[in-house]
Amino acid sequence: MATVELRFSAQPEHVRTARLVAAAVARRAGVDEAVLDEVRLAVGEACSRAVGLHRSHGIDAPVRVVLTEEEKLFSIEVGDEVPGSGGGASAVPGVRGSAPDDELDDGAEDEMGLAVISGLVDDVEVTSGESGGVIRMSWPTTPATLLP
């Protein structure tokens, strides 16, 4: 199991670097070329969300991105340091649970980002706890074929 860990300050300009690193590691791990754009977009959304949460809550800690290559699976975890109150998308800080649709705030943008991620990634899990939130995404890999 190979792992790459990336930490960056919560600045929007660093999100592009995280997307590039994620795509490069995904390609090396054997993620299908046709899916790499989805990996880039999903990582960009997750990282932008984490950056926004850090900035809106005044947190100076870096955003964490962990890229893991397992047998037949490539996963990415994007973590923030914003304390939450439980698990699941509805408990992620900034996501509105039952607020009216016409009430637009940072939570609406956060909720839209999570919707985009879930539309791009079949296997996605959002958790939140006292130490922060994590978006875990994974894609199947194809084993490398060796030429004779």
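I will try to describe carefully the structure that is included in this document. Keep in mind it's a predicted model, so treat the numbers as computed, not measured. (Residues numbered from 1 in each chain as written. Predicted model: local features only at pLDDT ≥ 70, side-chain atom pairs only at ≥ 80, totals over all residues. Heavy atoms only, no water.)

## A few points about the overall build of the chain
Across its full length, the chain carries three helices and five strands. Seen in sequence order, the chain has helices and strands lined up from the N terminus as β-α-α-β-β-α-β-β. Scored against the burial criterion, the 148 residues of the chain give a buried share of 41%. Counting only carbon and sulfur atoms, one obtains 52% of the accessible surface of the chain, whose full area is about 8,200 Å². (Helix = DSSP H or I, 4+ residues; strand = E, 2+ residues; numbered from the N terminus. Buried < 20%, exposed > 50% of the residue type's maximum accessible area, 1.4 Å probe, protein only. Areas by Shrake-Rupley, 256 points an atom, 1.4 Å probe, with all protein chains shown as cover.)

## With respect to the pairing of strand 5 (residues 132–140)
Note that strand 3 (residues 73–79) and strand 5 share seven bridges and pair antiparallel. Directly across from E77, in strand 5, lies its bridge partner R136. As paired elements, strand 4 (residues 123–129) and strand 5 share seven bridges and run antiparallel to each other. Bridge pairing links S128 to G133 in strand 5. The turn linking strand 4 back onto strand 5 is made up of two residues. (Pairing = 2+ DSSP bridges.)

## What about a negative patch on the surface?
A cluster of like negative charges, contributed by E38, D122, D123 and E125, occupies part of the molecular surface. Along the chain, E38 falls in helix 2 (residues 36–56). Note on E38: relative accessible area 32%, which makes it partly exposed. (Patch = residues over 30% accessible without salt bridge, like charges linked within 9 Å, V, L, I, M, F, W, Y side chains within 5 Å. Salt bridge = Lys/Arg side-chain N within 4 Å of Asp/Glu carboxyl O. Lys, Arg positive; Asp, Glu negative; His and termini not counted. Charge placed at Lys NZ, Arg CZ, Asp CG, Glu CD.)

## Overview of helix 2
Between its first and last C-alpha atoms helix 2 spans 30 Å; for 21 residues at 1.5 Å apiece the expected length is 30 Å, and the two agree. What helix 2 keeps buried is the set L36, V39, A42, V43, G44, A46, C47, R49, A50, V51, L53 and H54. Trailing helix 2 by a residue or two, G58 shows a phi angle of about 65°, which is positive. (Expected span 1.5 Å × (residues − 1).)

## Regarding the environment of T17
Mapped onto the secondary structure, T17 falls in helix 1 (residues 15–29). As a C-alpha pair, T17 and L6 span 11 residues in sequence and 9.8 Å in three-dimensional space.

## Examining the pattern of salt bridges
Taken as a whole and assessed by the stated rule, the structure comprises eight salt bridges. The salt bridge partner of E81 is R64, with a shortest N-O separation of 3.6 Å. In this pair, E81 is assigned in the loop between strand 3 and helix 3 (106–120) and R64 in strand 2 (residues 63–70), connecting sequence segments 17 residues apart. Here E81 falls in the partly exposed class, since its relative accessible area comes to 29%. Residues R136 and E77 are paired through a salt bridge, measuring 3.7 Å at the closest nitrogen-oxygen approach. Separated by 59 residues along the polypeptide, R136 in strand 5 and E77 in strand 3 bring together distant segments of the chain. Given a relative accessible area of 31%, E77 falls into the partly exposed group. What you see here is one network of salt bridges that share partners, running through E70, E77 and R136.

## A few points about unusual backbone geometry
At K72, a residue that is not glycine, the phi angle is positive and equals roughly 65°. Mapping K72 onto the fold places it in the loop between strand 2 and strand 3. Given a relative accessible area of 61%, K72 falls into the exposed group.

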